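Summary of the model geometry
Okay, here's what each chain looks like letter by letter:
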Amino acid sequence: MRVAKVWTILTFELRSAVTRPAYLLMTFGLPIFFALIGGLPAWLQREHISEELERVSVYAAVDRSGLLYLGEREREVDELDDEVRAALARLPEPRRVVVHASVALLPIETEQEARQMLHNGWIDGIIVVPRDVIGGGSLRMIVPSRPSPLDVSAATTKSHVRTLLIQGLLHHRVPIEVSERVRDPLEHLQHFEMDEEGRLHEVEDVGLSALARFLVPLTLSMLLLMALMTTGGYLVQAIGSEKENRVIEVLLATVRPQELLAGKLLGLGAAGMLQFSIWAAGLGVTFAGLLGVLEDVSVPVPWGAIALSPVLFVIGYLFYGSLMLATGSLGRSASESQKLTMMW
């Protein structure tokens, strides 16, 4: 086999494939489409979502059970941080508040007064703790009817109120360190994996690791399949069209059959590899905006699967492309070649 002949056919097929409008549309149009519907909104909302996560929410707390022990936790405005004071600037007059993480709770005597404050836009919502909460009474959370679609205050407030209720239920019943531990028993949980030799290795969260190990290879396998199907279709179309137009007879007068088939297989394989690389890069750019929102969540990335994906593409393409090329060569026209390769 003459390498120069194979290289000539390879470069011709690669150049012909990458200049096709259909190839350009699939290669660049698909990542641009997903970037527009996924990546662009994420980039635009990234700063706003980060601000929402850091913003101090102001809720009125109508505690009829006394379990929140708001009176023991109240603080003067002068004792608060600048962020909390800025959040309380909507109130017509200073009030003593209870601050827990990013939530400021205003102790209010009646629900009617709290509703009026919410109606005036002075607070973000209301938490009502019934008197019979221990006996099964339902807590109520009241928020505006049309909150911002990016408003996360209700979710964060629910978590903080849950913590305060747990502490209230255990108040004066168990030591304070026990109360803190009950709030989140698995706060300091460490994850280890044991190798075949019995040695332990500390790893990240097993659940997140398993999710990442499943989603990343699944996404890459879908991209590999799409690239293989597209490149295989071009391969069959090329060999079928040349036989139909009798160009194959002219080519076989100057090159050997194995050189022609090898050049086509490698040339279109390079086009498929280029397409897969652009799709993978576009996918990374699309989700780059989401990584900014989740930067505090440590999700292990299976770099081994990512590094192995080009090797798998080459092996899969050589196997799949050889089947498509051998079967497509039996047809007398492009349509007949496509029918013969439908089994693959």
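Quick caveat, the model's predicted, so the values are computed rather than measured. Per chain, residues are indexed from 1 in the order of the written sequence. For this predicted model, a pLDDT threshold of at least 70 governs which residues receive local features, and a threshold of 80 or more governs which side-chain atom pairs are given and counted, while totals over whole chains, interfaces and linings are taken from all residues. Only hydrogens and water are set aside; all other atoms, that is, all heavy atoms of the structure, feed into the side-chain values.

Another aspect to go through is the side chain of Glu13. Following the sequence through the fold, Glu13 ends up in helix α1 (residues 3-18). Counted as a polar contact is a pair of N or O atoms within 3.5 Å, where, for protein atoms, one must be capable of donating a hydrogen and the other of accepting one, and residues adjacent in sequence contribute only when both atoms are in side chains. Of note is the side chain of Glu13, whose polar atom sits 2.5 Å from the side chain of Lys264. Here, two residues are considered to be in contact whenever any of their heavy atoms come within 4.5 Å of each other. Among all residues touching Glu13, those that are not within four sequence positions of it are Ala238, Glu242, Gly263, Lys264, Gly267 and Leu268. Every helix listed is a DSSP run of H or I at least four residues long, and every strand listed is a run of E at least two residues long, numbered separately from the N terminus.

The next subject is the sheet that holds strand β1 (residues 57-63). At least two DSSP bridges between two strands are needed for those strands to be called paired. Ordered by their spatial adjacency, 5 strands build an open sheet running β2-β3-β1-β4-β5, and the pairing between neighbours is mixed. Taken across any chain shown, the strands that pair with only one partner, and hence form the sheet edges, are β2 (98-100) and β5 (140-142). The average undirected angle you get between the axes of adjacent strands in this sheet is 25°. Fitting a line to C-alpha atoms yields each axis, with helices limited to the stretch in contact; the angle taken between N-to-C directions then spans 0 to 180 degrees.

Any carboxyl oxygen of Asp or Glu within 4 Å of a side-chain nitrogen of Lys or Arg constitutes a salt bridge here. Considering all chains together, one arrives at 9 salt bridges under this definition. Salt-bridge contacts for Arg115 lead to Glu111; the nearest nitrogen and oxygen are separated by 2.7 Å. Pair noted here: Arg115 and Glu111 are both in helix α5 (residues 111-119), with a separation of 4 residues, about one helical turn. Given the relative accessible area of 9%, Glu111 is considered buried. Glu111 is the salt-bridge partner of Arg140, the closest N and O atoms lying 2.3 Å from each other. In this pair, Arg140 sits in strand β5 while Glu111 sits in helix α5, placing the two residues 29 residues apart along the sequence. Connected through shared salt-bridge partners, Arg64, Glu111, Arg115 and Arg140 make up one network. Exposure is judged per residue with a 1.4 Å probe applied to protein chains only, and the accessible area is read against the type maximum: over 50% gives exposed, under 20% gives buried, and values in between give partly exposed.

Most of strand β3 (residues 103-107) is tucked away: 4 of the 5 residues are buried. With 5 bridges connecting them, β1 and β3 associate as parallel partners. In the sheet register, Ser57 faces β3, and the bridge partner there is Val103. The pairing of β2 with β3 spans 3 bridges and is classified as antiparallel. Pairing of Val98 across the sheet is with Leu105, part of β3. Between β2 and β3, which follow one another and run antiparallel, lie 2 residues, and Ala101 among them has a positive phi close to 60°.

This next bit is on the nonpolar core. By size, the foremost hydrophobic cluster in this structure holds 25 residues, and its most contacted members are Leu235, Leu268, Phe276, Phe313 and Tyr317. If you list the elements that add at least two residues to this core, you get α1, α8 (206-244), α10 (257-286) and α12 (303-328). Sorting elements by how many residues they give to this core places α8 first, with 9 residues. Beyond its immediate sequence surroundings of up to four residues, Leu268 is in contact with Glu13, Ala17, Thr231, Tyr234, Leu235 and Tyr317. Only buried residues count toward a nonpolar core. Its members are Ala, Val, Leu, Ile, Met, Phe, Trp, Tyr and Cys residues joined through side-chain atoms within 4.5 Å. Core analysis: the second largest hydrophobic core is formed by 19 residues, Val58, Ala87, Leu106 and Met117 among them.

Along the chain, Gln275 falls in helix α10. Excluding residues that lie within four positions of it along the chain, Gln275 makes contacts with Tyr23, Met26, Thr27, Ala227 and Thr230.

In this section: the pairing of strand β4 (residues 125-129). Within β4, 5 of the 5 residues are buried, which leaves it mostly tucked inside the rest of the structure. Of the two faces of β4, the one holding Gly125, Ile127 and Val129 and the one holding Ile126 and Val128 are both buried throughout. One ladder, built from 5 bridges, connects β1 with β4; its direction is parallel. Residue Ala61 lies in a different strand from β4, and its bridge partner there is Ile127. Where β4 lies against β5, 3 bridges are found, and the strand directions are antiparallel. Residue pairing across strands places Ile127 opposite Met141, the latter belonging to β5.

Secondary-structure assignment places Gln258 in helix α10. Put simply, Gln258 and Val6 are 252 residues apart on the chain and 8.9 Å apart in space, counted from C-alpha to C-alpha.

Take it as geometry only, folks, not as evidence of what the structure does.
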